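Architecture and fold: a report
The residues making up each chain are set out below.
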Amino acid sequence: MKPIIARTIAEVRAAVRAARADEQRIGCVPTMGALHDGHLELVRVAKRNTEFVVTTIFVNPTQFGPNEDFARYPRTLDADVTRLEEVDCDLVFAPAVDEMYPESLTTVEVAKLGDQLCGPRRPGHFRGVCTVVLKLLNIVQPDVAVFGAKDAQQARIIVRMVRDLNVPVEIVVAPTVREADGLAMSSRNRYLSPEERAEAPRIHAALRAIRNRAIAGETDAARLESALNHELAAIPGARIDYASIVDDSTLKPIAILDRPALAAVAVFLGSTRLIDNITIP
Ligand code: PAF
């Protein structure tokens, strides 16, 4: 069945209230639209955990920097709704900017976890993400909210925000969905030229290669990081924003792999910034 489309907070609240009255548990999948199979998988995960799933579609201006792609970010609501029907999404919340930010003075920030990786390169980004996610959680009041592991730093920050602020929701982080050639699915992949798209899977290949080296016994993080940078630098047209090996939970740099680690990268292919990561057990 086609999902209900809600444009206002009042409409979402009414629909969620009705679902709860019907003893349904509520799931929430926050997105910025331009949905791909990775998003659909998040909805499937939400649907496995709850009965009434709300997908939010909102290109959140507060998480984009002045020179980022807010204006050109793809807005494809009709196609998104059609895809959401495939996975039994119950309600789509697609608010206008004014509905979400009528005259906001309040923001939310998680200390420390935003100090590395994307944080310093996208000042204010995680403040924007946390603020909008907390607002969406307060609007939908779901039992379960699902986020993708591709945005590893975002996922860790949201888990921490929910814990620190006692938000009554279970956060589920679902595995990254990849194209057959390994490229992590992303709404931004559609910006890639055919040549860039052909090179893009090498990002995941580079991450896998260093993970394999670590599993084979290399424990020196600097050596692994240098090998990772070397592999990425060899991709034609690539500009490395960062390629780091960090502690999997604090996201701080580590010297020796004596605990679970995360290899995380952001790479520009032309003007498209792609992120990806791999956990190193
Ligand atoms: O991951 C995203 O698409 C966004 O950062 C999110 C979580 C929907 C907040 O705008």
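Before any of the text, the structure's been laid out above.
Residues numbered from 1 in each chain as written. Predicted model: local features only at pLDDT ≥ 70, side-chain atom pairs only at ≥ 80, totals over all residues. Heavy atoms only, no water.

All right, on to the side chain of H39 then. As for its placement among the helices and strands, H39 is situated in helix 2 (residues 37–49). Under the relative-accessibility criterion, H39 is labelled buried at 12%. Non-local contacts of H39, meaning those with residues more than four positions away in its chain, are made with T31, G33, A34 and S187. (Helix = DSSP H or I, 4+ residues; strand = E, 2+ residues; numbered from the N terminus. Buried < 20%, exposed > 50% of the residue type's maximum accessible area, 1.4 Å probe, protein only. Contact = heavy atoms within 4.5 Å.)

Right, let's get into the layout of surface pockets. Rolled over the atoms, a probe as big as a water molecule pinpoints where empty space is left. By volume, the second largest pocket is sized at about 310 Å³. Lining the second largest pocket are 15 residues, and of these L113, R156, R160, S249 and T250 sit closest to its centre. Of the residues assigned to the lining of the second largest pocket, the class counts are four nonpolar, three polar and eight charged. (1 Å grid on protein atoms, 1.4 Å probe; cavity = no way out; pocket = protein on both sides within 12 Å on 5 of 7 lines; lining within 4 Å. Points joined across faces, edges and corners; volume = space filled by probe spheres on them. Nonpolar A, V, L, I, M, F, W, Y, C, P; charged D, E, K, R; others polar.)

Right, let's talk about helix 6 (residues 125–140) for a bit. In a regular helix each residue adds 1.5 Å, so 16 residues correspond to 22 Å; helix 6 covers 22 Å between its end C-alpha atoms and thus fits that length. By the criterion of burial, helix 6 is predominantly enclosed, with 13 of the 16 residues buried. Just past helix 6, the residue Q141 takes up positive phi, approximately 50°. (Expected span 1.5 Å × (residues − 1).)

Applying the stated criterion across every chain yields a total of one cavity of 30 Å³ or more. L183, A184, S186, N189, I203, L274, I275 and D276 are the residues that line the largest cavity. With three residues, strand 9 (residues 272–280) is the single largest residue contributor to the lining of the largest cavity. Taken together, the residues of the lining of the largest cavity break down into five nonpolar, two polar and one charged.

What follows covers the sheet that holds strand 2 (residues 26–31). Ordered in space as 1-4-3-2-5-6, the six strands form an open sheet in which the pairing is parallel. If you trace the sheet from one side to the other, it starts and ends with strand 1 (4–6) and strand 6 (170–174), each paired once. For this sheet, the mean inter-axis angle between neighbouring strands, taken without regard to orientation, is 25°. Examined bridge by bridge, strand 2 and strand 3 (residues 52–57) share six bridges and lie parallel to one another. (Pairing = 2+ DSSP bridges. Axes fitted to C-alpha atoms, helices over the stretch in contact; angles between N-to-C directions.)

The next subject is unusual backbone geometry. Glycine aside, a negative phi is what most residues show, and trans is what most peptide bonds show. Despite not being glycine, L117 has its phi angle at roughly 50°, a positive value. For L117, the position within the fold is in the loop between helix 4 (97–100) and helix 5 (118–121). Positive phi, normally seen in glycine, also occurs at L251, with a value near 65°. Checked against the element boundaries, L251 lands in the loop between strand 7 (238–247) and strand 8 (261–269).

Functional significance is not addressed by these values, which are geometric in nature.
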